[in-house]
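# Inside the fold
Below are the chains, spelled out letter by letter.
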Amino acid sequence: MDQLTNQLKEARMLAEDADTKSDEVSRKLAFVEDELEVAEDRVRSGEAKIMELEEELKVVGNSLKSLEVSEEKANQRVEEFKREMKTLTVKLKEAEQRAEHAEKHVKRLQKEVDRLEDRLFQEKEKYKAICDDLDSTFAELTGY
């Protein structure tokens, strides 16, 4: 009986100890479940943030692609402008050379015109002198 009483005491102590441990484990389990719920909320929030950032990344990626296309088009336009500028520069040099040649030709022609005008003036003077000479000869012949 004493042995059974001792065993009963031991069993009660074990049961109380087990109850204490069970209560402690239950508290820890409740605490861990609360932490798990908070962690799951953070995970959901983090996943939502990740999805939001992925969408934003897609938008930024699309914008980047669009900017790359725009840059390529701009580079093509720059190249076209450079080619056109080279062509126009060549045409300008050719036009300047033609203008210079034309100016030289105009100067030469102006000198020729001046020379011909001088000759014309000299011939007119000769003509006038001959006319005056003829008039005076005619006047002499007619007696005036």
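Model, not experiment: these values are computed from the prediction. (Residues numbered from 1 in each chain as written. Predicted model: local features only at pLDDT ≥ 70, side-chain atom pairs only at ≥ 80, totals over all residues. Heavy atoms only, no water.)

### As for the overall build of the chain
Across its full length, the chain holds 1 helix and 0 strands. Here the C-alpha coordinates of the chain stretch approximately 200 × 25 × 15 Å along the principal axes. Expressed as a percentage of the 144 residues in the chain, the buried residues total 0%. With the model as given, the accessible surface of the chain reaches about 13,900 Å², and the carbon-plus-sulfur share is 58%. Averaged over its 27 positive side-chain charges, the chain has a centre that lies 8 Å from the centre of its 38 negative ones. (Helix = DSSP H or I, 4+ residues; strand = E, 2+ residues; numbered from the N terminus. Buried < 20%, exposed > 50% of the residue type's maximum accessible area, 1.4 Å probe, protein only. Areas by Shrake-Rupley, 256 points an atom, 1.4 Å probe, with all protein chains shown as cover. Lys, Arg positive; Asp, Glu negative; His and termini not counted. Charge placed at Lys NZ, Arg CZ, Asp CG, Glu CD.)

### Structural notes on a negative patch on the surface
Taken together, Glu33, Asp34, Glu35, Glu37 and Glu40 make up a surface patch of like negative charges. For Glu40, a relative accessible area of 38% translates into the label partly exposed. (Patch = residues over 30% accessible without salt bridge, like charges linked within 9 Å, V, L, I, M, F, W, Y side chains within 5 Å. Salt bridge = Lys/Arg side-chain N within 4 Å of Asp/Glu carboxyl O.)

### Comments concerning the UniProt feature "coiled-coil region" (unreviewed entry) in the chain
Per the UniProt annotation, the sites labelled "coiled-coil region" (unreviewed entry) are residues 1-126. Counted over residues 1-126, helix gives 99% and strand 0%. Its end C-alpha atoms are 178 Å apart. (UniProt positions renumbered as here; feature names shortened; annotations may be inferred.)

### Quick look at the environment of Val78
Considering the arrangement of structural elements, one finds Val78 in helix H1 (residues 2-142). For Val78 and Lys93, which are 15 residues apart along the polypeptide, the C-alpha to C-alpha distance reads 22 Å.

### What about the pattern of salt bridges?
Inspection of the entire model under this criterion finds 7 salt bridges. Where Asp41 meets Arg44, a salt bridge forms, and the shortest distance between an N and an O atom there is 2.5 Å. Highlighted residues: Asp41 and Arg44, both in helix H1, separated by 3 residues, approximately one helical turn. Of the charged contacts in the structure, one is a salt bridge between Arg115 and Glu112, with a shortest N-O distance of 2.3 Å. You can see Arg115 and its partner Glu112 sitting in helix H1, 3 residues apart, about one turn around the helix. Given a relative accessible area of 33%, Glu112 falls into the partly exposed group.

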